[in-house]
Amino acid sequence: MIPSAHRRSDGNHLRPAVSRVSVKLVRKAIFRADGFGVFTGRSVLVFSPHPDDETLGCGGMIARKVRSGAEVTLVFMTTGEASHATYMPREELAALRMGEARNAAGVLGVYGEDRVVFLGHRDGELGAVHNLDKQALERIRAQCPDEIFVPSRWDTTADHQATWQAVFRALQQYPRPEHRLPGCLVIGRGIPAGRDED
């Protein structure tokens, strides 16, 4: 019997939420991830536009890398204070979200101030930060990671696009050609039909 939550009021069943195209993209992302060696002990630097993007986008990958012995560093570009600003003051929300990000990082196996870094930019305003690529480059030089995770360049959220662009520009200045830009799979966003990550 199908639970009532999965039945429409007219008695017909709901269609599955995941389309064949979505499943195909997920399989392709997992295949490409294996090709990049992300399931091994290679170190990774994760650039997260907001607290929670790292968990929603690639939390399982982070946990798997930590279990494999990889060094994982999370860099939060903003404090996420604009997400629910109508419910509490921005400063209070920023503190709450940073605390939640530290807790989530701990659940994934990432601990310490040197492994959970907050750049502290205002939520929704990353595109206006003039030296964001230089800040990304500083983090890359400090960590010297084997891999870097960023949101997809096709993501439609402005702070996600600014994060991808900053990291991409930083990597153009960083002389390690083995660095690649695998995109994090973010539910509801990602690669539009007919496009592929480079």
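Computed from a prediction, not measured in an experiment: that's the story for all the values here. (Residues numbered from 1 in each chain as written. Predicted model: local features only at pLDDT ≥ 70, side-chain atom pairs only at ≥ 80, totals over all residues. Heavy atoms only, no water.)

**Some remarks on unusual backbone geometry**
Residues other than glycine seldom take positive phi values, yet Asp 52 does so here, at roughly 115°. Its identity as a non-glycine residue notwithstanding, Cys 144 has a phi of 45°, on the positive side. Locating Cys 144 in the fold gives a position in the loop between helix H4 (132-143) and strand S4 (147-151). A relative accessible area of 39% means that Cys 144 is categorised as partly exposed. (Helix = DSSP H or I, 4+ residues; strand = E, 2+ residues; numbered from the N terminus. Buried < 20%, exposed > 50% of the residue type's maximum accessible area, 1.4 Å probe, protein only.)

**With respect to the packing of aromatic side chains**
This structure, assessed with the given rule, holds 2 aromatic pairs. For the ring pair Phe 76 and Phe 118, a centre distance of 4.9 Å and an interplane angle of 15° mean the geometry is stacked. Note that Phe 76 is positioned in strand S2 (residues 72-78) and Phe 118 in strand S3 (residues 116-121), a separation of 42 residues in sequence. Considering the side-chain rings of Trp 164 and Phe 168, the 4.8 Å spacing of their centres and the 10° angle between planes classify their relative orientation as stacked. Here Trp 164 and its partner Phe 168 are both found in helix H5 (residues 158-172), 4 residues apart, which amounts to about one turn of the helix. (Phe/Tyr/Trp six-rings, centres within 6.5 Å; stacked < 30°, edge-to-face > 60°.)

**Some words on the environment of Val 150**
Within the secondary structure, Val 150 sits in strand S4. Between the C-alpha atom of Val 150 and that of Cys 58, which follows or precedes it by 92 residues, the distance is 9.5 Å.

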